[in-house]
Each structure stands twice: as structure tokens, then as C-alpha cells.
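Chain and residue survey
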Amino acid sequence: MDFGPYLMLAIMEGALTAAVLALTASGLALVFGVMRVVNVAHGEFFMLGAVLAWWVSQLAGGSPVWGFLLALCVVPLLVGVLAAVVDMTILKRINYDPERTIVATIGILYILQQVTLMTYGPEARPVAPPFNTRVALPWFEMSNGALQLYWPWGLSITSYKLFVIGAACVVLLGLWALMTQTKLGFLMRATEQDREMALAFGIPVQRVYAIAFGLGAGMAALAAVLIVPIQQAHYLMGGDPLLLSFIVVIIGGLGSLPGALLAALLIGLSDGIISVFFSPTLAKIFATLLVAFVLVFRPNGLWGTRNS
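In this text the structure is predicted, and so the values were computed from the model without any measurement.

Definitions and limits used
- Residues numbered from 1 in each chain as written.
- Predicted model: local features only at pLDDT ≥ 70, side-chain atom pairs only at ≥ 80, totals over all residues.
- Heavy atoms only, no water.
- Helix = DSSP H or I, 4+ residues; strand = E, 2+ residues; numbered from the N terminus.
- Contact = heavy atoms within 4.5 Å.
- Phe/Tyr/Trp six-rings, centres within 6.5 Å; stacked < 30°, edge-to-face > 60°.
- Buried < 20%, exposed > 50% of the residue type's maximum accessible area, 1.4 Å probe, protein only.
- Salt bridge = Lys/Arg side-chain N within 4 Å of Asp/Glu carboxyl O.
- 1 Å grid on protein atoms, 1.4 Å probe; cavity = no way out; pocket = protein on both sides within 12 Å on 5 of 7 lines; lining within 4 Å.
- Points joined across faces, edges and corners; volume = space filled by probe spheres on them.

1. Description of the environment of L289
Take L289: it is sitting in helix α11 (residues 280-297). Separated by 44 residues in the primary sequence, L289 and S245 place their C-alpha atoms 15 Å from one another.

The structure is reproduced here in C-alpha cells:
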């Protein structure tokens, strides 16, 4: 196979990584943008989504399709409600103080992790995808002075991976519509701009905070439900999504949803291409170096402002 088809395959794998990362990082950016809260437990809400997806799929009686659909509908809602309860019972009581919030979310991280270990166990368990057909990818080559379409051997991707990419795009469009076209989105943006002024105008800021925190955790859980048929559910799987989400949020600009999407695309595609042609370790090194360059030359991020 020539270089071109290999590059296309790497881009498709990178697009999958970017799609899942965009969902996870958008949740983290939303929480920070609205609440100015650094949620260190964000990766554990991702992990909880994967583990609950496994539980729900087992309750479906072994049917991959119905188990996945049930998990896709129920799990993000359950995790979102849990996160909202955490906000109202813990973060609200410490008045969202930045230092105490970090310590509190670290505690939440370990609580979720250890409770999952005691109930779910240390094993990594797979979730069967609802469909997993191999889809051949075409390529073009010059022949006799004209472009001709052909299908290189081995150039393929599964239908489920294509579904994950498409589903992530739909969800992100829905998040954009929520933030720009609905009353709830207006309340969130008003609270983000000036909390005291929002309170003066009678906006229920505490309720907006709970919804934002729950929505951010629900986005992470949704990303986990989508990716767990490709990976496996494990009680320690929250570390990498948390780290990569922080990298994306820093590069894109703290609290900026457009910046998070742009950075997720950049990190995801670079990870896919570098991992295929070189090594996954080099891809992580590149992401770390990219963060360093952004912090040095554009401290507010690619899409951030001075007020971020």
C-alpha cells in the first residue's frame, strides 16, 4: 500500500480520537466556562459512564443492540444527575472556592474510583458493539493521465467507528444549539459573563451551576458509552481522558467551547497520524510540547481571551 492510503487510514483513526476527545473536553470546558471550577474528577465521570454502560448492557439480556441503545439513553442521564447532586451537596457548600474545589474534586475522584473497584472489580470488561461491519475505503490513483478509483487491500474501517464520529458531530451540534438558541444556554452564558449581575437579575445561579456541572459530566459519560465497545471498561480508565481533556482545554482556551473543539481536532488527528507512522508515546510527547508552546506564545489559548 502506498503512503496516501496509509495516511487516510491514520486520519480516520485520528478523527475517531478527536470525536471522543471533543465530547469529553467540551464537558470540561463547559464546567470551567460557566462555573470557573477545575473539575479534577472529570475523568472519573468518564470511567463511570463506561462501567455503567457495561452494567446496563448486561441487564439487556445479552442483546448488543438493545443493550447499547439502553446505555446510550440512560447512562449519561444517570451520571449527569449524580454530578448535579455532587455539586449541590459538596461544591455549593464550599462556595466554589478554587483551592477547596480542586481538593474536593480530588476526593470525589478517589471515592468514585474505589467504589467502582469494590462493586465492579479490577477486571477490564468489553461491551459488544451493536454493529461492527468492515467498510472498505476507496483511494484514487493516476492511471493513463486520469484519476481512477480503487480499493487498496487492508484500507478499511469498521461501521461502528464511523458511527461514533457521526454521533459525536450530532451531539456537538446539539450542544452548540443548546448554548446559543435556548433559554438555558442564555442563562449559562449570562452566568459565565458576570455571576453577580446574573444574581441581580434574578437568575438562579446555583441551579445553573448544578445543570452545567451535570451536563459536563454527562458529556464525558456519553463519550465513554460511545468508546467502550472499542476499548474496555476499567476502573482506572479515567486518567488518560482527564489528562487529554486538560491539554485540549489549555490549548483551546480555558472555558472556550470552540477552542476545545479546535484543539480536540488538532490533538486527535496528530495522535492518529503519529501513532500510525511512529508510536503512541511520540504522539503524547507531541501533545505535551504543543501545550508548552501554547503556554509560552499564547497563554490564553488558541481561542481564549484575556478574561479567560
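2. Looking at the environment of L9
Assignment of secondary structure puts L9 in helix α1 (residues 3-35). Sequence separation between L9 and V276 is 267 residues, and the spatial gap between their C-alpha atoms is 8.6 Å. When neighbours within four sequence positions are excluded, L9 is seen to be in contact with L155 and S156.

3. Some thoughts on the packing of aromatic side chains
Evaluation of the coordinates by the stated rule reveals 10 aromatic pairs. An angle of 85 degrees between the planes, with centres 6.2 Å apart, marks the rings of F45 and F213 as edge-to-face. On the criterion of sequence distance, the pair formed by F45 in helix α2 (residues 42-59) and F213 in helix α8 (residues 205-227) is long-range, its members being 168 residues apart. A relative accessible area of 0% places F45 in the buried class. Their ring planes at 35 degrees and their centres at 5.9 Å tell us that Y160 and F163 sit as a pair that is tilted. Linking Y160 with F163, this pair stays in helix α5 (residues 159-181), spanning three residues, or about one helical turn. Judged by relative accessible area, which is 1%, Y160 ranks as buried. Grouping aromatic residues by their ring pairs yields a cluster made of F68, F131, Y160 and F163.

4. A few points about the pattern of salt bridges
Per the stated rule, a full pass over the model turns up five salt bridges. Notably, a salt bridge pairs D97 with R100, separated by 3.8 Å at the nearest N-O pair. A relative accessible area of 24% means that D97 is categorised as partly exposed. Here D271 makes a salt bridge to K284, at a shortest N to O gap of 3.2 Å. Here D271, found in helix α10 (residues 257-277), pairs with K284, found in helix α11; they are 13 residues apart in sequence, far enough to count as distant. When its relative accessible area of 36% is taken as the criterion, K284 is described as partly exposed.

5. Quick look at the layout of surface pockets
Its boundaries defined by the atoms lining it, the second largest pocket holds a volume of some 510 Å³. Looking at the second largest pocket, it is lined by 20 residues, and the ones nearest its centre are T17, I227, Q231, L244 and D271. Looking at the lining of the second largest pocket, the elements with two or more residues in it are α1, α9 (239-252), α10 and α11. Here the element with the most residues in the lining of the second largest pocket is α1; it accounts for six residues.

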